[in-house]
Amino acid sequence: MKRDAPIAVLPPPVSARPRKPLFTPGRLGIYVFLFTAALFFLVPLYVMLVTSVKPMDEIRLGNIFALPAAPTLAPWHSAWQAACTGLECEGIRGGFVNSVKITVPSVLLSIALGAVNGYALSFWRPRGANLLFAVLMVGAFIPGQVMLYPLVRALAAVELYSSLPGIVIVHLIFGMPMMTLLFRNYYAALPRELFMAARIDGGGFWRIFFELMLPMSLPVIVVAAIMQVTNIWNDFLLGLVFAGSDNLPMTVQLNNIINTTTGERQYNVNMAATLLTSLVPLALYFISGRWFVRGIANGAVKG
Amino acid sequence: MAATALGAYVLTLLWTARVSLSSSRIFPNGDFVGLGQYERLFRNARWLLSLENLAIYGALFIAACLVVGFLLAVFIDQQVSGEGVLRTVFLYPYAMSFVATGLVWQWMLNPELGIQQVARRLGLAHFAFDWIVRQDMVLYTIVIATVWQASGLVMALLLSGLRGIDGELWKAARIDGIPKWRVYVSIVLPMLWPSVSTALILLFVMVVKLFDAVVAMTQGGPGTASEVPAKFIMDYLFGRANVGLASAASIVLLLTVLGIVAPLYYARGRALQRGRE
């Protein structure tokens, strides 16, 4: 991707700049600060990992920071296929499948809609485009609670409440402002002459979109995909309200595993389940790195 | 096509506004009771507590995220080695869900098995870190967990802002003999306003939405000590079947958001515009 592309956020890597000598008292202070901060950020991940491979008696007697004396993968096994997520005790794997079934169509459709909307808003400028845009801005900031109940009633009226298509539609509605803004801003930075030339060559709305705009949109599509996968995979509120008991996403099941347990809490199983739930967004983050940062920075609704 | 989809926002908003003016309980009804629900809402102790909690939480959360994020960004910007690794470490919590992070912190803050117990085993017999079960302190545990999750985001935004500042500035400051920290506080920080305001908007939206982390960490407890508006609305919508009151509460929330975000957004737009000229 080009440096001056409209969605570039991070500057050149440090390696491109001259490096300073390592050891002066001031430099040492900087490293001590950063090292301490890094520890603080890593401790919860460490605790999760070690707890998830300890047997329960070790957890009861030991301390949460100690390494496991007798590491075991049994908690992971149990979290995946035996832990109780409410009335059923089949682990979190069903939630994983549900999360995939919710996330994939929601991400694909919201990107497609966002791209078409952004394209129409920046090049075709339909009548009322400014009004649409203002509504979008409100849509981006509106607290979800304002829309929850009317959406429940509307989906119930068309018999989609508590169904897979229902929860996908809700994700589309909630993702639309951000996706449209993202694509609109990207297209607004492209030269308008390009569009004009295509018009003169006789391209119509869809032809220009598919043959010209879409191929040029790859960078913004990647950013949009990262944003939406993370948002939708991590969603809790919408899944809780709209998915229905057959389609509960992993986050909701995870919360059920932990907060509905009676008797002794299986902390090791809980932590394994938490890690399993976080696996997809964490993997996405570690693999996509810099793109992820661009994604969230663009999520900030660029002006 | 876009228009119909966007209509969803306007229609749901109008619908909620209308219901907030009715006496709806389980099912919405069409009668008109004026601002009755709003009066009841502001006489409801639980709602007032949740507003107070949100104000305290919001102020602490936003301030802490900005301070931590700014410090991290400034220190990372000192051309340190291992920058990539550090950035990754500071930002990874943001990739996780609030439910997951809430659960981890709940576990570490658990007085019987968590940090308090570790310290006592190490010989600090009276060490107490039982905030999560104390009504007067529980809110701060939610601040800790969510700051841990979100400050990396501020770091990333401010770092990209810092990298956008002209290197000449630093040369000029060095020639004038101005201490580095002075340059950061008096010159760089004001120049970072577009990045800071972006972070502010994002953090503010997170504050208003605060729900997942509370449910995962405390379920609003102990008692109602960590009640927040988003959870209040959910409880009255689905648990206590009082749609009218919940709608009034969500309209209040919406007005608060618009009242704070709109001016911020406007100011930020002006700043960005100036930056481009």
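Residues numbered from 1 in each chain as written. Chains lettered and ligands numbered in written order. Predicted model: local features only at pLDDT ≥ 70, side-chain atom pairs only at ≥ 80, totals over all residues. Heavy atoms only, no water.

Asker: Please explain the packing of helix α1 (residues 25-52) of chain A against helix α4 (residues 83-95) of chain B as it appears in this structure.
Answerer: A pair of packed helices is characterised by two quantities: the angle between their axes and the separation of those axes. Relative to each other, α1 of chain A and α4 of chain B sit at 40°, their axes nearing to 9 Å. Judged on the interaxial angle alone, α4 of chain B and α1 of chain A are oblique. Considering only the axes of α1 of chain A and α4 of chain B, their crossing is left-handed. For the pair α1 of chain A and α4 of chain B, contact is made by L34, A37, A38, F41, L42 and L45 of chain A and by L86, V89, F90, Y92 and P93 of chain B, respectively. (Axes fitted to C-alpha atoms, helices over the stretch in contact; angles between N-to-C directions. Helix = DSSP H or I, 4+ residues; strand = E, 2+ residues; numbered from the N terminus. Parallel < 35°, antiparallel > 145°, perpendicular 65-115°, else oblique. Left-handed = near helix turned anticlockwise from the far one by under 90°. Contact = heavy atoms within 4.5 Å.)

Asker: Would you mind going over unusual backbone geometry with me for this structure?
Answerer: Trans peptide bonds make up the majority, and among non-glycine residues the majority have a negative phi. Of note in the backbone geometry, S162 of chain A takes a positive phi value of approximately 60° without being a glycine. As for its position among the elements, S162 of chain A is in the loop between α6 (144-157) and α7 (164-188). Classification of S162 of chain A as partly exposed rests on a relative accessible area of 34%. The residue Q79 of chain B is not glycine, and still its phi comes out positive at about 55°. Relative to the assigned elements, Q79 of chain B resides in the loop between α3 (45-76) and α4. Owing to a relative accessible area of 18%, Q79 of chain B belongs among the buried residues under this scheme. (Buried < 20%, exposed > 50% of the residue type's maximum accessible area, 1.4 Å probe, protein only.)

Asker: Would you take a moment to explain the pattern of salt bridges for this structure?
Answerer: Side-chain pairs of opposite charge can arise whenever the charged atoms involved come near each other. Residue and element names in this part refer to chain B. The tally for this structure, following the rule as stated, stands at 11 salt bridges over all chains. Across the salt bridge formed by R134 and D130, the nearest N and O atoms sit 3.7 Å from each other. The exposure class assigned to R134 is partly exposed, which follows from its relative accessible area of 32%. (Salt bridge = Lys/Arg side-chain N within 4 Å of Asp/Glu carboxyl O.)

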